Amino acid sequence: MKVLVRSVQHDLYGVVGRPARHSLSPAMMRAAFSTLGIDACYLALEADDFGDALDVLERFGFRGLSVTVPFKQDAFTVCGRVDTSARSIGAVNTLRRTESGWEGRNTDWLGAVRALERVASLRGASALVIGAGGAARGVVYGLLERGAQVLVVNRTDHRARDLAEAFGCGWVPLSELALCRPNIVVHATRAGMSGTPYDFTIPEGFFSPHMVVMDIVYSPLETPLLYRAKVAGARVVDGLEMLLYQGVEQLSWWLNRPAPESAMREALRRAAALAVRKVFHE
Ligand code: NAP
């Protein structure tokens, strides 16, 4: 990993991933630091190997890191201390440097529940989570934490069953999706992301006006799944809201003070719109 920092006078933060250069987090975090009047630098750090990258970043004195795909499990293993949620989910997306080493947290689940809680009450709600990968684990954990009843469905049935067993919730085979009548649907697979096809079909008439439907994919902002839910009259939440709240939680943990939510939302929405325009002109 190459890091070029001429003079390290600012507090350093960044997002580490592969890829990382298209991340919207720098726009969101820089807006937050600027609103708070903090002289800090937040960089997108693309790495081949997480351990090597961390060695370099430690030497530069980085204070906090957002960790994204594919390094969330690696980040878990380097931490001297992790919180209960990160331990249950098995992944860390936020690192904070302390005198005794790196501390880790998972804020993805908080991002998901805070995005949903703006429009729905989760306690006692019946929630369907589509997906059984890393992000789905966080979403399932969060919904259960908030007292929802959770069912998992996935392209590969046995992975839905394994996830459900790990968290003590229910699951349904994909072939029985049409029988589910949830109040809340969260799509948490990579399908729909920049043209990735859906290897599952949402049955006709599945979405309804009494549902809240969140897609955690945010590129594009209105995924085909979210569009169908909106047309059916469901209340929809796009993936930028989860990204916003996981970032709000990261920043307030690093700084030990409230994060400027509306400045961060504005910067994120602006950066997402610019990213779409860039793709359109390429
Ligand atoms: P991941 O581990 O690669 O996701 C694997 C999941 O996606 C599995 O359930 C897999 O099904 C399913 N899947 C993959 N391709 C599929 C397809 N073509 N059709 C149907 N299902 C498919 O990735 P992840 O880390 O969980 O992330 C999932 C998505 O969430 C990504 O788009 C990521 O950008 C997004 N995300 C958003 C936020 C946010 O803040 N908004 C945060 C984290 C992640 P099988 O088990 O059958 O393989």
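Attention now moves to the domain arrangement of the protein. Interface size is often expressed as the accessible area that is lost when the parts come together. Here the protein is described as being made up of domain 1 (11–106) and domain 2 (110–240). On a C-alpha basis, the centres of domain 1 and domain 2 stand 27 Å from each other. Each side of the interface is counted separately: domain 1 has 6 residues, and domain 2 has 7 residues. For the pair domain 1 and domain 2, the summed buried area comes to about 560 Å², and 64% of that belongs to carbon and sulfur atoms.

Attention now moves to unusual backbone geometry. Cis geometry is found at the peptide bond from Val69 to Pro70, where omega equals 5 degrees. Mapped onto the secondary structure, Pro70 falls in the loop between β3 (64–67) and α3 (72–78). The backbone phi angle of Ser194 is positive, close to 45 degrees, even though this residue is not glycine. Structurally, Ser194 is set in the loop between β10 (184–187) and β11 (212–215).

It is worth spelling out the sheet that holds strand β6 (residues 101–105) at this point. Spatially, 6 strands are ordered β2-β1-β3-β5-β6-β4 in an open sheet, and the strand pairing comes out mixed. Looking along the sheet, the strands with just one partner apiece sit at the ends: β2 (40–46) and β4 (81–82). By the bridge criterion, 4 bridges tie strand β1 (residues 11–17) to β3 in an arrangement that is parallel. When the bridges of β3 are listed, Val16 appears paired with Val67. With respect to the sheet, helix α2 (residues 50–60) is in contact with β1, β2, β3, β5 (94–98) and β6, its orientation differing from that of β1 by roughly 175 degrees.

As for its placement among the helices and strands, Ala32 is situated in helix α1 (residues 25–36). Using a relative accessible area of 0% as the deciding quantity, one classes Ala32 as buried. It is 8.3 Å that separates the C-alpha atoms of Ala32 and Leu251, two residues lying 219 residues apart in sequence. Not counting the four nearest positions on each side in its chain, Ala32 is found in contact with Leu251, Pro260 and Met264.

Another point: the nonpolar core. Of all hydrophobic cores here, the largest spans 59 residues; its most connected members are Leu143, Ile184, Leu251 and Met264. Tallying contributions element by element places helix α9 (residues 239–255) first for this core, with 10 residues. Each of two domains, domain 1 (11–106) and domain 2 (110–240), supplies a minimum of three residues to this core. Non-local contacts of Leu251, meaning those with residues more than four positions away in its chain, are made with Met29, Ala32, Phe33, Leu36, Asn256, Ala259, Pro260 and Met264. Judged by nonpolar contacts, the second largest core, of 19 residues, contains Ala53, Leu65, Ala75 and Cys79.

Moving on to the site of the ligand. With respect to spatial proximity, 26 residues lie near the ligand, and among them Ala135, Asn154, Thr156, Arg159 and Pro197 are the closest. The contact in question runs from an oxygen atom of the ligand to an N or O atom on the backbone of Ala132, over 2.9 Å. The backbone of Asp199 places a nitrogen or oxygen atom 2.9 Å from a nitrogen atom of the ligand. About the coverage of the ligand: the protein hides 85% of its 930 Å² of free accessible area. Where the shell around the ligand is concerned, the elements lending two or more residues are α6 (134–145) and α9. Here the shell around the ligand gets 3 residues from one element, more than from any other, and that element is α9. Split by residue class, the shell around the ligand holds 13 nonpolar, 8 polar and 5 charged.

What follows is about the environment of Ala166. One can find Ala166 in helix α7 (residues 157–167). Residue Ala166 is classed as exposed on the basis of its relative accessible area, which comes to 52%. Counting along the chain gives 40 residues from Ala166 to Ser126, while the straight-line C-alpha distance between them is 19 Å.

So, on to the state of the cysteines. Taken as a whole and judged by the stated rule, the model has 0 disulfides. The closest cysteine sulfur to the non-disulfide-bonded Cys169 is located on Cys180, 12 Å from its own sulfur.

Quick look at α9 now. Between its terminal C-alpha atoms α9 stretches 25 Å, which fits the 24 Å expected from 17 residues at 1.5 Å a residue. Counting buried positions along α9 gives 16 out of 17 residues, so the element sits mostly inside the fold. Two or three places before Leu240, at the opening of α9, Asp238 has a side-chain oxygen 3.0 Å from that residue's backbone nitrogen.

Reading guide: rules and limits
- Residues numbered from 1 in each chain as written.
- Predicted model: local features only at pLDDT ≥ 70, side-chain atom pairs only at ≥ 80, totals over all residues.
- Heavy atoms only, no water.
- Domains from an automatic or database assignment.
- Contact = heavy atoms within 4.5 Å.
- Buried area = accessible area lost by both parts, 1.4 Å probe.
- Helix = DSSP H or I, 4+ residues; strand = E, 2+ residues; numbered from the N terminus.
- Pairing = 2+ DSSP bridges.
- Axes fitted to C-alpha atoms, helices over the stretch in contact; angles between N-to-C directions.
- Buried < 20%, exposed > 50% of the residue type's maximum accessible area, 1.4 Å probe, protein only.
- Core = buried A, V, L, I, M, F, W, Y, C linked by side-chain atoms within 4.5 Å.
- Near = heavy atom within 4 Å.
- Polar contact = N/O pair within 3.5 Å; in protein donor to acceptor, adjacent residues only side chain to side chain.
- Areas by Shrake-Rupley, 256 points an atom, 1.4 Å probe, with all protein chains shown as cover.
- Nonpolar A, V, L, I, M, F, W, Y, C, P; charged D, E, K, R; others polar.
- Disulfide = S-S within 2.5 Å.
- Expected span 1.5 Å × (residues − 1).

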